[in-house]
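Summary of the model geometry
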Amino acid sequence: MAKGVLVDIPKCIGCESCSVACKLWNELEWDPQEKSKTATDRAKEPNNGLWPEEWTSINRYDLQKDGSSVGRYVKTQCFHCEDPACVSSCFSKAFQKLPEGPVIYDQKLCVGCRYCMMACPFDILRYEWKKAIPGVRKCQMCPTRVANNMETACTSVCPTGAITFGDRDQLLAEAKKRIRENGYVDRVFGEKEAGGTSWLYISDTPFEQMRFRTDVTTKPLPSYTEGYMKATPFVGVGWAAILAGLYIFNNKNKEPLD
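Residues numbered from 1 in each chain as written. Predicted model: local features only at pLDDT ≥ 70, side-chain atom pairs only at ≥ 80, totals over all residues. Heavy atoms only, no water.

- By the naming in an unreviewed UniProt entry, the protein is 4Fe-4S dicluster domain-containing protein, taken from Desulfosporosinus fructosivorans.

Next comes the structure, spelled out in structure tokens:
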């Protein structure tokens, strides 16, 4: 059964334990400049605080609820779509969706086209522009842990239960139960967005006020482009054959120099 993570936004206290666990488990580099930023700073960044070595970002939003000021922390990372646009757009098969839920990336297969970045509806993927041999970086959802029936590194250290790992179907049922019991916004973000995602969010404040892409279609994005992307390798081979033919034709018809 596919796994997922339920994020209960009001329960998050912004401790960033999940961010640290992600760093340690994935052996990501520590950037003092990035870690010196506050959660409020990251919430204002165009990239939501995600960088090649920052796969998880905790962002704070100061909102109004029932006439009072409230602060809400949002854990941001790859949503691991059920039918990922990055996978369908990658003709080199560098991206794969595992049956357990994680969407993983193999840099050895990447050709650097960055179609995946353009295809992602949530603008999550980050490119290593500063490296001689760059790749695309994002949360991998701890695939080796998940494959061995272990929860993700981030959920294993959350002290408040703001992020919960489990079977996606069961988490979806739990999310709807909490919405009824706590008077949350009547929406599970990730249930249907882009065809559904492995990460599910519930909140007591409007999602659009926390920079969620609430305008994303509920239809899986690959259904729009799959036919075209399947043709990409054939188009490439076809053009190569045409250009090779033109080269041979032109060389055969050249007049010898005196």
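**Observations regarding the packing of aromatic side chains**
- Inspection of every chain in the model, using the stated rule, returns eleven aromatic pairs.
- Measuring from centroid to centroid gives 6.0 Å for Phe79 and Phe189, while their planes differ by 55°, and the two rings are tilted. One end of the pair, Phe79, is in the loop between strand E3 (68–76) and helix H4 (85–89); the other, Phe189, is in the loop between helix H8 (168–182) and strand E9 (199–202), and 110 residues separate them in sequence. Across the pair, exposure class does not vary: Phe79 and Phe189 are buried alike.
- Centroid distance Phe79 to Tyr201: 5.7 Å. Interplanar angle 50°. Geometry classified as tilted. Note that Phe79 is positioned in the loop between E3 and H4 and Tyr201 in strand E9, a separation of 122 residues in sequence. Here the two residues Phe79 and Tyr201 agree in accessibility, since each one is buried.
- Taking the ring centre of Tyr127 as reference, the NZ or CZ of Arg114 above it sits at 4.8 Å. (Phe/Tyr/Trp six-rings, centres within 6.5 Å; stacked < 30°, edge-to-face > 60°. Helix = DSSP H or I, 4+ residues; strand = E, 2+ residues; numbered from the N terminus. Buried < 20%, exposed > 50% of the residue type's maximum accessible area, 1.4 Å probe, protein only. Lys NZ or Arg CZ within 6 Å of the ring centre and 35° of its normal.)

**Structural notes on the environment of Glu100**
- Inspection of the secondary structure puts Glu100 in the loop between strand E4 (95–97) and strand E5 (103–105).
- Taking the C-alpha atoms as reference points, Glu100 and Asp167, separated by 67 residues in sequence, lie 9.2 Å from one another.
- Apart from the residues lying within four places of it in its own chain, the contact partners of Glu100 are Ala2, Lys3 and Val146. (Contact = heavy atoms within 4.5 Å.)

**Quick word on the pattern of salt bridges**
- On inspection of all chains with the given rule, the structure shows 19 salt bridges.
- Arg72 is the partner of Asp204 in a salt bridge, and the nearest nitrogen-oxygen pair spans 2.7 Å. Placement of the pair is Asp204 in the loop between E9 and helix H9 (222–252) and Arg72 in strand E3, with a sequence separation of 132 residues.
- Residue Asp204 is classed as buried on the basis of its relative accessible area of 13%.
- Of the charged contacts, one joins Lys131 and Glu128 as a salt bridge, the two residues approaching to 3.2 Å between their closest N and O atoms.
- Among the residues examined, Lys131 registers a relative accessible area of 41% and is labelled partly exposed.
- Sharing partners across several salt bridges, the network here consists of Glu53, Glu128, Lys131 and Arg137. (Salt bridge = Lys/Arg side-chain N within 4 Å of Asp/Glu carboxyl O.)

**Observations concerning the nonpolar core**
- Judged by nonpolar contacts, the single largest core of 46 residues is most densely connected at Phe95, Phe122 and Tyr201.
- Counting only elements with at least two residues in this core, the list comes to strand E1 (3–8), helix H1 (17–26), helix H3 (39–44), strand E2 (57–65), E3, E5, strand E8 (163–167) and E9.
- Beyond its immediate stretch of four places on either side in the chain, Phe122 contacts Phe79, Cys81, Phe189, Glu193, Ala194, Thr197, Arg213 and Val216.
- In this structure, Leu171, Ala175, Val188 and Ile202 belong to the second largest nonpolar core, which totals nine residues. (Core = buried A, V, L, I, M, F, W, Y, C linked by side-chain atoms within 4.5 Å.)

**Observations concerning the sheet that holds E9**
- Reading across from one edge, E8-E1-E9 is the order of the three strands in this open sheet, with mixed pairing throughout. If you trace the sheet from one side to the other, it starts and ends with E8 and E9, each paired once. Neighbour-to-neighbour, the strand axes of the sheet open up by a mean angle of 25°, direction not taken into account.
- The pairing of E1 with E9 spans four bridges and is parallel. The residue of E9 that forms the bridge with Asp8 is Ile202. (Pairing = 2+ DSSP bridges. Axes fitted to C-alpha atoms, helices over the stretch in contact; angles between N-to-C directions.)

**Topic: H8**
- With 15 residues, H8 should cover 21 Å at 1.5 Å per step; its first-to-last C-alpha distance of 21 Å lies within 8% of that length.
- Within the sequence span of H8, burial applies to Arg168, Leu171, Leu172, Ala175, Arg178 and Ile179. In a view along the axis of H8, the buried residues occupy a sector of 125°, so they form one face of it. For H8, exposure combined with an orientation more than 90 degrees from the buried face picks out Asp169, Gln170, Arg180 and Glu181.
- Those residues of H8 that are buried are in contact with E1, E8 and E9.
- Positioned one or two residues after H8, Gly183 has a phi angle of 70°, which is positive. (Expected span 1.5 Å × (residues − 1). Arc of directions from axis to C-beta.)

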